[in-house]
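Inside the fold
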Amino acid sequence: MIITAQEAWDSCLSFIEDNITPQAYKTWFEPIKAVKLVDNSLSIQVPSKFFYEWLEEHYVELLKIALVKQLGSQAKLVYVIRMENSVDDKVPYTEKIPSTNRSDVQSQKVDIPLKAKSPELKNPFIIPGIRDVKIDSQLNSNYNFENFLEGDSNRLARSAGLAVANKPGGTSFNPLLIFGGVGLGKTHLAHAIGVDIKDKYPDKTVLYISAEKFTQQYIESVKKNNRNDFIHFYQIIDVLIVDDIQLLSGKAGTQDVFFHIFNHLHQNGKQVILTSDKAPVDMQDIEQRLLSRFKWGLSAELNQPDFETRISIIKNKLYRDGVEMPENIVEFLAHNIKTNIRELEGAIISLIAHSSFNKKDITIDLAKTIVENYVKNTKREVSIEYIQKVVSDYFQMDVETLQSKTRKRHIVQARQLAMFFAKKLTKASLASIGSQIGKRDHATVLHACKTVDNLSMTDKQFKKYVEDLHKKLTI
């Protein structure tokens, strides 16, 4: 009975699947395609030279047994490597490499050079390997959902993160883009999602990487003519987490390769998680085709924590460190450090350290000294709420009037000034600024900023408004 190449390979796969882990089978055998079967010679197509080398290094004996079992002792295996050249050639090419097999089954080794140089990158994370080695996730288990406290400022992002962790690649939140200012917990939440997925789905390949490191790896792969292997490595990831994606700004080559990786992962139901210090609409020098994909899923913003959330963060930090602190001091810290969580935790650590090293009790006077020095030496970022209050007081109106829909000239100008300083002095997105200042859209904020710039150059009185408010907000 004559069998086809696909039938022969399917029989081999049935045997192989029973003898290795599900993750190894999924990573290294599912992508292989049967090409042809001539006599006892089975040709299979693999995605890259790296792929071929890995199979020969780790699964040659298993392949030998499966082939002999199916095709007899004269079985031969030929690898067909079909991929696009790394740099100049845009035409796909094919090379055939007989398996070394290290056995009685066609034991001769034939080396046929590829047009591209032999890859040195392989796994960009240089994982030493014997069979079934798993990719290191690069996750920090200390960043988890348990110590990422929920509040009004992060509820949407945290809830979306939990949904993704429960069903990676299976929700409408793909990609999930988490954005917000410095120190608000973007990296923490990204790690927490990854850690939770690894706990729930140990067979899934999860990888966390910064956009900066991704770019460095890509540049190195181009230098060594390994671009295809670099792409293939990222295409086998089940959950890819890229931190600070805005750092791809202006890097056309890296954006192009990430575009192709993103498409492959998304089309195959894999989960992509991104973090950024700004919303997609505010990203500069990122290709539109990439920005449009960032908007496919959910963009969730992390805002500055409110007072109640800051209280919870302080108490949680103290509990984890086994430290007790009077309630009035906890409230003092929460009232005086509002910008971000990183600064808040830094102040707590400083306070505990001073108390311990100097053998002093934690008192309100010590807390005032620490906070005064800490805030003085920390670049200050005011809140949008505070900006609105300062601007409203300056123009002798309440915040509700400032946010109202009235078109009276002096109120409109006050509102525009609040938007201008919110963009200038905070890391909030245009959409977030508009939402907090009277539920306007990002285009209104952009128009307000341009209007303030123009009036500052043409109207002396308006220029004085800007100067006065700048002093009040940056003291």
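Residues numbered from 1 in each chain as written. Predicted model: local features only at pLDDT ≥ 70, side-chain atom pairs only at ≥ 80, totals over all residues. Heavy atoms only, no water.

1. Examining the sheet that holds strand E9 (residues 298-302)
Which entries qualify depends on this criterion: Only strands joined by at least two bridges in the DSSP assignment are considered to pair. Runs of H or I in DSSP of at least four residues are treated as helices and runs of E of at least two as strands, each being numbered from the N terminus. To obtain an axis, a line is fitted to C-alpha atoms, over the contacting stretch when the element is a helix, and the angle between two such axes runs from 0 to 180 degrees between their N-to-C directions. Note on contacts: a residue pair qualifies if any of its non-hydrogen atoms lie within 4.5 Å across the two residues.
Strand order in the open sheet made by the five strands is E6-E7-E8-E5-E9, with parallel pairing throughout. Looking along the sheet, the strands with just one partner apiece sit at the ends: strand E6 (206-210) and E9. Going across the sheet, the axis of each strand differs from the next one's by a mean of 15°, ignoring polarity. Relative to strand E8 (residues 271-276), strand E7 (residues 239-243) is paired through four bridges, and the arrangement is parallel. Across the sheet, Val239 pairs through a bridge with Gln271, a residue of E8. Where helix H5 (residues 155-166) meets the sheet, it contacts strand E5 (176-180), E8 and E9, and its direction lies at approximately 135° from that of E9. The strands that helix H9 (residues 252-267) touches are E7 and E8; relative to E7, the one it contacts most, it runs at about 145°.

2. What to know about the pattern of salt bridges
Applied cut-off: The working definition used for a salt bridge is a side-chain nitrogen of Lys or Arg within 4 Å of a carboxyl oxygen of Asp or Glu. Buried residues are those whose accessible area, probed at 1.4 Å on protein chains only, stays under 20% of the maximum for their type, while exposed residues exceed 50% and partly exposed ones sit between those limits.
Under the definition given, this model contains twelve salt bridges. Here Arg289 makes a salt bridge to Glu287, at a shortest N to O gap of 2.6 Å. Take Glu287: its relative accessible area is 28%, and that puts it in the partly exposed class. As a salt-bridge pair, Asp393 and Lys389 come within 3.1 Å of each other at their nearest N and O atoms. Of this pair, Asp393 and Lys389 both sit in helix H15 (residues 384-394), four residues apart, which is roughly one turn of that helix. Asp393 gets classed as partly exposed once you look at its relative accessible area, which sits at 47%.

3. Comments concerning the packing of aromatic side chains
Here is the rule: Within 6.5 Å between ring centres, the rings of Phe, Tyr and Trp (the latter by its six-membered ring) count as paired, and their orientation is classed by plane angle as stacked under 30 degrees, edge-to-face over 60, tilted in between. Only when the NZ of Lys or the CZ of Arg is both within 6 Å of the ring centre and within 35 degrees of the ring normal is a charge said to sit over the ring.
Under the defined criterion, the tally for this structure stands at 15 aromatic pairs. Taking 6.3 Å as the distance between ring centres and 15° as the angle between the ring planes, the aromatic pair formed by Tyr25 and Phe29 counts as stacked. Consider the rings of Phe262 and Trp296, whose centres lie 6.0 Å apart with planes at 50°: the pair is tilted. Placement of Phe262 in helix H9 and of Trp296 in the loop between helix H10 (288-294) and E9 is noted, with a sequence separation of 34 residues between them. For Phe262, a relative accessible area of 0% gives the class buried. Its relative accessible area of 42% is what places Trp296 among the partly exposed residues. Chaining the aromatic ring pairs together yields one cluster made of Phe214, Tyr218, Phe230, Phe233, Tyr234, Phe258, Phe262 and Trp296. The ring of Tyr201 has Lys204 sitting right over it, with the charged end atom 5.7 Å from the ring centre. Directly above the ring of Phe259 sits Arg289, whose terminal nitrogen or CZ lies 3.9 Å from the centroid.

4. Observations concerning the pairing of E7
Of all five residues that make up E7, five are buried, and the element is covered over most of its length. Residues Val239, Ile241 and Asp243 of E7 are buried on one face, and the alternating residues Leu240 and Val242, pointing to the opposite face, are buried as well. Where E6 lies against E7, five bridges are found, and the strand directions are parallel. Following the sheet pairing, Ile209 is matched in E7 by Val242.

5. Looking at the environment of Leu298
One can find Leu298 in strand E9. Exposure remark for Leu298: the relative accessible area of 18% places this residue in the buried category. Separated by 126 residues in sequence, Leu298 and Ser172 have C-alpha atoms that sit 7.6 Å apart. Among all residues touching Leu298, those that are not within four sequence positions of it are Leu156, Ala160, Ser172, Phe173, Pro175, Leu176 and Leu177.

6. Digging into unusual backbone geometry
Cis geometry marks the peptide bond from Asn174 to Pro175, where omega comes out at 10°. Assignment of secondary structure puts Pro175 in the loop between H5 and E5. One non-glycine residue, Asn225, lies in positive phi territory at about 60°. The topology assignment puts Asn225 in the loop between helix H7 (211-223) and helix H8 (227-235). A positive phi angle, close to 60°, is found at Asp244, a residue other than glycine. If you trace the backbone, Asp244 turns up in the loop between E7 and H9.

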